[in-house]
Amino acid sequence: MIERFVLSGTGGQGVITAAIILAESALHHTGFHAVQTQVYGPEARGGSARSDVIIADREILFPKVLEPNVLVCLSQMAYDRYCSLVRPGGVVITDPHYVKRWQHASSRHVEVPLHDTAMRELGSTQAINICLLGALVRLIPIVPLDGVREVVSHRFPERFREANSAALDLGAGLVKESVTTF
Amino acid sequence: MSTAGQTERSRVQFLQGNEVCAEAALYAGMRYFAGYPITPSTEIAERLAERLPQVGGSFMQMEDEIGSICAVIGASLAGTKSMTATSGPGFSLMQEAIGYAVMAEIPCVIVDVQRGGPSTGLPTHASQGDVMQVRYGTHGDHSIVCLTASNHQDLFGIVVDAFNFSEVFRTPAVVLIDEVVGHMREAVRVPEPGELDLTERLLTDVPRDVDYHPYAPREDDRLPMSNFGGVHRYNVTGLVHDMWGFPSEKPKIVNDLIHHLYLKLENRKQMLTRWREWSLDDAEIVLISYGSSARSARHIMENRRSVGVPIGMIELQTLWPFPSEMIRTKCRHAEYIVVVEMNMGQIVHEVKRAVDRPERVFLSNRVDGEMITPTDIKHLIRVIQGKGV
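Residues numbered from 1 in each chain as written. Chains lettered and ligands numbered in written order. Predicted model: local features only at pLDDT ≥ 70, side-chain atom pairs only at ≥ 80, totals over all residues. Heavy atoms only, no water.

(A) View of the overall build of chain A. Helix and strand counts for chain A come out as six helices and six strands. Its C-alpha atoms give chain A a radius of gyration of 15 Å, near enough to 16 Å, the size a compact globule of 182 residues would have. The C-alpha extent of chain A, read off along each of the three principal axes, is 40 × 35 × 35 Å. Within the span of chain A, comprising 182 residues, buried residues form 56% of the whole. Accessible surface, chain A as shown: approximately 7700 Å² in total, 52% of it carbon and sulfur. (Helix = DSSP H or I, 4+ residues; strand = E, 2+ residues; numbered from the N terminus. Rg over C-alpha atoms; globule rule 2.2 N^0.38 Å. Buried < 20%, exposed > 50% of the residue type's maximum accessible area, 1.4 Å probe, protein only. Areas by Shrake-Rupley, 256 points an atom, 1.4 Å probe, with all protein chains shown as cover.)

(B) Here's a closer look at the interface of chain B and chain A. In this assembly, 24 residues from chain B lie in contact with 24 residues from chain A. Summed over the shared surface of chain B and chain A, the result is one salt bridge. Arg298(B) is paired through a salt bridge with Glu59(A); the nearest N and O atoms lie 2.9 Å apart. Of all the elements in the fold, those that place two or more residues in the side of chain B that touches chain A are β1 (12–16), α8 (179–183), β8 (185–189) and α11 (291–305) of chain B. Among the elements that take part in the side of chain B that touches chain A, α11(B) stands out by supplying five residues, more than any other. The residue makeup of the side of chain B that touches chain A, split by class, is eight nonpolar, eight polar and eight charged. Where strand β2 (residues 33–38) of chain A lies against β8(B), two bridges are found, and the strand directions are antiparallel. The residue of β8(B) that forms the bridge with Val35(A) is Glu186(B). (Contact = heavy atoms within 4.5 Å. Salt bridge = Lys/Arg side-chain N within 4 Å of Asp/Glu carboxyl O. Nonpolar A, V, L, I, M, F, W, Y, C, P; charged D, E, K, R; others polar. Pairing = 2+ DSSP bridges.)

(C) Region of interest: the environment of Val55(B). Residues and elements named next belong to chain B. The topology assignment puts Val55 in the loop between α3 (42–54) and β3 (58–61). Taking relative accessible area as the criterion, Val55 reaches 34% and is therefore assigned partly exposed. C-alpha of Val55 to C-alpha of Leu26: the two residues are 29 residues apart in sequence and 8.4 Å apart in space.

(D) How the structure looks around the sheet that holds β3(B). Residues and elements named next belong to chain B. On the basis of which strands lie adjacent, the open sheet formed by seven strands has the order β3-β2-β4-β5-β7-β6-β12 and mixed pairing. Where the open sheet ends on each side, the last strands, each with one partner, are β3 and β12 (318–320). For this sheet, the mean angle separating the axes of adjacent strands, direction not counted, is 20°. With seven bridges connecting them, strand β5 (residues 108–114) and strand β7 (residues 172–178) associate as parallel partners. Note that in β7 the partner of Ile110 across the bridge is Val174. (Axes fitted to C-alpha atoms, helices over the stretch in contact; angles between N-to-C directions.)

(E) Representation of a nonpolar patch on the surface in the model. A cluster of nonpolar side chains, Met243(B), Trp244(B) and Phe246(B), forms an exposed patch at the surface whose accessible area comes to about 290 Å². When its relative accessible area of 35% is taken as the criterion, Trp244(B) is described as partly exposed. (Patch = residues over 30% accessible without salt bridge, like charges linked within 9 Å, V, L, I, M, F, W, Y side chains within 5 Å.)

(F) Structural detail: the pairing of strand β14 (residues 361–365) of chain B. All names here are of chain B. Pairing analysis gives five bridges linking strand β13 (residues 336–341) to β14, with the strands arranged parallel. In the sheet register, Val340 faces β14, and the bridge partner there is Ser364. Between β13 and its parallel partner β14, the chain crosses via helix α13 (residues 347–354), and the hand of that crossover is right-handed. (Right-handed = clockwise from strand over helix to strand, strands pointing away.)

(G) Region of the structure containing the side chain of Ser143(B). All names here are of chain B. Positionally, Ser143 belongs in the loop between α6 (131–136) and β6 (145–147). When its relative accessible area of 2% is taken as the criterion, Ser143 is described as buried. Separated by 2.7 Å, the side chains of Ser143 and Glu266 make a polar contact. Other than its neighbours up to four places away in sequence, Ser143 contacts Arg135, Leu261, Tyr262, Leu265, Glu266 and Pro321. (Polar contact = N/O pair within 3.5 Å; in protein donor to acceptor, adjacent residues only side chain to side chain.)

(H) Local environment of the packing of helix α1 (residues 15–29) of chain A against helix α5 (residues 145–155) of chain A. Residues and elements named next belong to chain A. In the contact formed by α1 and α5, the axes pass within 9 Å of each other and the chain directions differ by 120°. Between α1 and α5 the crossing geometry is right-handed. Contacts from Ile20, Ile21, Glu24, Ser25 and His29 of α1 reach α5 at Gly147, Val148, Glu150, Val151, Val152 and Arg155. Residue composition of the contact of α1 with α5, by class: five nonpolar, three polar and three charged. (Left-handed = near helix turned anticlockwise from the far one by under 90°.)

(I) The arrangement of the nonpolar core in detail. Residues and elements named next belong to chain B. Core analysis: the biggest nonpolar cluster contains 57 residues, and Ile288, Leu316, Ile327, Ile347 and Val351 have the highest contact counts within it. At eight residues, the largest contribution of residues to this core is made by helix α5 (residues 88–104). When residues of this core are sorted by domain, at least three fall in each of domain 1 (1–272) and domain 2 (277–384). Ignoring sequence-local partners within four residues, the contact set of Ile347 consists of Val131, Tyr290, Leu316, Leu319, Trp320, Phe322, Val339 and Glu341. (Core = buried A, V, L, I, M, F, W, Y, C linked by side-chain atoms within 4.5 Å. Domains from an automatic or database assignment.)

(J) Representation of the pairing of β5(B) within the structure. Residue and element names in this part refer to chain B. Most of β5 is tucked away, with seven of its seven residues classed as buried. Covered by surrounding structure in β5 are Cys108, Ile110, Asp112 and Gln114 together with Val109, Val111 and Val113, the residues of both alternating faces. Here strand β4 (residues 82–86) pairs with β5 via four bridges, running parallel. The residue of β5 that forms the bridge with Thr86 is Asp112. Assessed by its sense of winding, the connection that carries the chain from β4 through α5 to β5 is right-handed.

Below you can see the structure in the form of C-alpha cells.
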C-alpha cells in the first residue's frame, strides 16, 4: 500500500500545515510510514503553496510525489498546474468556490464546498485547512478522524482545541462516502 | 496505553532533518551555537534559539558567518561543545576560520545544508555541490571529517558521531546534508540518554601553576585540552607552532605538524568510516551514493532487484576522509559502478581513484535543482546495459 498526496492552494490557507498534520497523524495513529516535503522554490512564490505527503506500509525512499493518487487543489492556479499529474484512477479534490474544474478523464473529481460551509458555519475560513483534513480522511480513510483530532489538538494552543475539533467534524460531514484510489 | 508505551511514543517525533540536527547536537552535549540564518539551514538556528536556553546553553545570532564560526571556535576553546550551521554562501565565508580550527586543533561542528551554487545560487533547491569544498575549501594541506546521511534516524547518529570525532581528533567536523534531507519531515526516534556513546572533552591533568603544553600529545596521540581563560596560560595561533603553541619555522616542526594534521585522520579511516550497504554479494552493478541521492538510488536498486537485476548499493556516510579501501574491496567484482550525486561529479572522481579498472565507473547526476529521481538513475543503468532508455 502506498498513497501519494499533493495538497496545494494559496499561501495562507494552511495546506502545508494540513499536510504535516496528515503525515504526523499517519505516523502516530496507523502502523504506516509517512514522509512530508514541501515546495520552497519559485513556484511556491506568488502566493501558491504545495506540499507532498506519502503514506505507505513500507519504508519510503524517494520522498517527492511526481504522480499523486490524491490531489487537493484550493486554488485555480494549483488545479491548472497539477491536475494532469494525477495517476489514472486517482482522485482530485477541489472546492468549487476556488476552482472551476475542467474535464480530466482518467481521474475522479470530488467537489467539497469547504469555503462556503466554513463561512456559513464558522464565520471565517481561518480553519479551512482543518475542515479540509476532516473531509480528506473521510474520503480517503487512511487515518482515523480521531487520530487527526489528537494531532491537531497538540499542534495548536489549547484555546483553539474545540474550534478545531468542530472544524474537523464540519469537514468530515461534507463527505458522504469514501473512495478507493488504488 | 502503558506508561512505557507513552514514553516510547513521545520519543518518536515527526521532524524536519534540520530539527533532527539540532536535537542530535543537544544530545551530544552541544551547549553553544552561533550562527547566521540562511536557507535551507535556518530551522537549525530557529530550533536551537528555543531549545538551548531550556538546557542551560547559549544561542547567539551573529552578524555574519565569519563571526559565527569564530565565536564557535572561541567557545569551544573555552570548554563548551559548540556548533554552527549554514549553507553554501555562508560556508564559503567560514573557510578561513575553519582552517584556523584545523591548525589550532579546536573541536567544532559545522552543519552545511547544501543548496544550489555557486554564489547565492538556488536558495531553496537541492544540490550536493559542496563536497569538494568541505575537503579543500580552506587552504593548506590538512584533512577534515565530513559525515552525511539520507534519513533522519541515521542523521541523528551521524551528528553525534561528528561531535565525538571532533573531540577525539581535535578537528572541525562537517555534517554535510542537503536541502531535501534538511527540509523533509519523517519519523525519528530520539535515543534514550546513554543509548549512544558520547565523547567528552579530554582535559589535561596538569595542575595549576605547572606548565601545560597544549600541543604535546599523550601516548595515544590525543591532545588534552585546558579551557582557555582557565588555570593555564598558553598560546593559540594559526601559524605553524611547536608543542607550546608558539610560532616556529623549524623544518622538522613544520614537517611533523603537517604530517600530524593530515595523518591523524587519514590513518584512522577504519574508525571514521560509516556506511550502509545492500545486496553486494552477487551485484554486477553497484550504486554508490550519499545524502538524499541515496534515497533515489536505493529506491531504484530495490526496484531493479525485484525484477532480477543483480544490483547492489553502498551508501556513504563518511565522505572525508574518503573510505577508498572500503570502496575498492566492496567493488572488486562489480562489472559497473554508478555514482549517484547531485553535482557535476565530485565523489565520482574519488571512486575512480579508489577502484581498479576505473573505466567501470559512471556518473548519474542531476544539477537542475530538482532531486534526482529513481527514473533518472534507471535510464543511465539501461544505457550502460546497452538496452536504451
